[in-house]
Amino acid sequence: MAGTNRELADFLRRARSQVDPSRAGLPPDGRVRRVPGLRREEVALLAGISTDYYARLEQGRRIIPSPAVVEAVGRALGLDDAGRAHLHDLIGMTASPVRRPARGVQRVRPGLYQLLDALDGEPALVLGRRTDVLAANTMGKALFTDFDRLPPRQRNYARWMFLDDDARSLFVDWDVHARAAVESLRLDAGRDPDDQATAALIADLREHSREFAHWWEQHRVHQRTHGSKRLRHPLVGELTVEYETLSLPGDPDTTLFVYTAEAGSSSKRALNLLASWTAETLTGRRGH
């Protein structure tokens, strides 16, 4: 089973295994369950399709289900919005195996750089395809790392998260955020499975990180929209930042991440201290 077919099959089997039959609204049939999750025929029943049709879908066959059927399967499997979007992507690629034209190098508009600079005191990052870090303001570099000083190939959030020891030390809940990075990358890879740069990144991370390889095989997807991160910063100590993501009209492959802390909190004071330290460092550099 090649490429996209295997991706679809793996995703559907994983999703099916995660559904609790007792919560799926199915009547008990008295049969012993030897594996976790739903049986194929149960997914088909919940989705209102034949067992044979669902089996062929799970095998990654080149069939073209209607949007209504895809939505029904998503509901039967209890997929969230990100999971349903990923299912649509995988089925679309299976049904229409036409290679997409190669996408060019992403560029950041001058106005977006100005916006980053205007976010004075608030760390911000701009991420592109496959979690590439396209830009960061001064506070973003101070809070996480100065991606501009890394070789171009290494300016990637997932690569930094898994292969940089400083990232492991920075995040209090490293495993939570590292796993989310895997799931976000999986979602992005499903949108364009022919992208060679994405494939190379995934292969490299699978080779050099056992955690990445393990989580990648679980085939989970996640769309980062907002949340919080607990950090243990080497200069200002422990703090918690909240993040919001902003998708940019006209460039759906680019996302702005802005990090803030609650006013009056110890985390806000830590951010203010970091901003002061950053300003002093920049002033010192200009003085030389």
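Residues numbered from 1 in each chain as written. Predicted model: local features only at pLDDT ≥ 70, side-chain atom pairs only at ≥ 80, totals over all residues. Heavy atoms only, no water.

### Structural notes on the packing of helix 11 (residues 196-208) against helix 12 (residues 210-217)
Stated formally: Each axis is a line fitted through C-alpha atoms, and for a helix only the stretch in contact is used; angles between axes span 0 to 180 degrees, taken between their N-to-C directions. Under the scheme used here, helices are H or I runs from DSSP no shorter than 4 residues and strands are E runs no shorter than 2 residues, and both carry numbers assigned from the N terminus. Oblique is the label for any angle not covered by the other classes, which are roughly parallel (under 35 degrees), roughly antiparallel (over 145) and roughly perpendicular (65 to 115). Rotating anticlockwise by less than a right angle from the far helix to the near helix defines a left-handed crossing, while the corresponding clockwise rotation defines a right-handed one. Residue contacts are defined here by distance: any two heavy atoms, one from each residue, within 4.5 Å place the two residues in contact. Nonpolar residues are Ala, Val, Leu, Ile, Met, Phe, Trp, Tyr, Cys and Pro. Charged residues are Asp, Glu, Lys and Arg, and all others, Gly as well, are polar.
Between helix 11 and helix 12, the shortest axis-to-axis distance is 5 Å and the interhelical angle comes to 120 degrees. In terms of orientation, helix 11 lies oblique with respect to helix 12. When you trace helix 11 past helix 12, the crossing you get is left-handed. Taking contact as the criterion, the partners of Ile202, Leu205, Arg206 and His208 in helix 11 are, on helix 12, Arg210, Phe212, Ala213, Trp216 and Glu217. Of the residues assigned to the contact of helix 11 with helix 12, the class counts are five nonpolar, one polar and three charged.

### Overview of helix 4 (residues 67-76)
Note on helix geometry: an α-helix contains 3.6 residues per turn, so any two residues three or four positions apart are oriented the same way. Rules: Accessible area is worked out with a 1.4 Å probe on protein chains only. A residue is then buried under 20% of its type maximum, exposed over 50%, and partly exposed in between.
The complete set of buried residues in helix 4 reads Val69, Val70, Ala72, Val73, Gly74 and Ala76. The first or second residue beyond helix 4 is glycine 78, which carries a positive phi of 65 degrees.

### Digging into the sheet that holds strand 3 (residues 226-233)
Sheet strands pair via backbone hydrogen bonds, and the direction of the pair is either parallel or antiparallel. In plain terms, the rule: Strands are labelled as partners when DSSP assigns at least two bridges between them.
Pairing is antiparallel in the open sheet, where five strands are placed in the order 2-1-5-4-3. This sheet does not close on itself; its edge strands, each paired only once, are strand 2 (133-136) and strand 3. With direction set aside, neighbouring strand axes in the sheet form an average angle of 25 degrees. Here three bridges tie strand 1 (residues 124-127) to strand 2, and the two strands are oriented antiparallel to one another. When the sheet's bridge partners are listed, leucine 127 is paired in strand 2 with valine 133. Running at roughly 50 degrees to strand 2, helix 6 (residues 110-118) makes contact with strand 1, strand 2, strand 4 (237-248) and strand 5 (251-260) of the sheet.

### A short note on the pattern of salt bridges
Heads up, the rule is: Whenever a carboxyl oxygen of Asp or Glu lies within 4 Å of a side-chain nitrogen of Lys or Arg, that contact is scored as a salt bridge.
Scanning the model with the defined rule gives 21 salt bridges in all. With a shortest N-O distance of 2.8 Å, aspartate 148 and lysine 141 are connected by a salt bridge. The class for lysine 141 is partly exposed, based on a relative accessible area of 25%. Between glutamate 238 and arginine 232 there is a salt bridge, and its shortest N-O distance comes to 3.6 Å. With a relative accessible area of 40%, arginine 232 lands in the partly exposed category. When salt bridges that share partners are traced, they join Arg16, Arg40 and Glu58 into one network.

### Focus: empty space enclosed by the protein
Keep this limit in mind: Buriedness of a pocket was judged along seven lines, with at least five required to meet protein on both sides within 12 Å; pockets are open sets of points on a 1 Å grid over the protein atoms alone, cavities are sets where a 1.4 Å probe fits but cannot get out, and lining residues have an atom within 4 Å of a point. Grid points are joined across faces, edges and corners, and a volume is the space filled by probe spheres set on the points.
Scanning the entire structure with this criterion turns up one cavity of 30 Å³ or more. Roughly 40 Å³ of volume is contained in the largest cavity. Lining the largest cavity are Arg107, Val108, Arg109, Leu112, Leu134, Leu248, Asp251 and Thr254. Broken down by class, the residue content of the lining of the largest cavity amounts to four nonpolar, one polar and three charged.

### Describing the environment of alanine 135
Position of alanine 135 relative to the elements: it lies in strand 2. What makes alanine 135 buried here is its relative accessible area of 4%. The spatial distance from the C-alpha of alanine 135 to the C-alpha of phenylalanine 147 is 8.1 Å, given a sequence separation of 12 residues. Those residues in contact with alanine 135 that sit more than four places away from it in its chain are Val108, Tyr113, Leu116, Leu125 and Val126.

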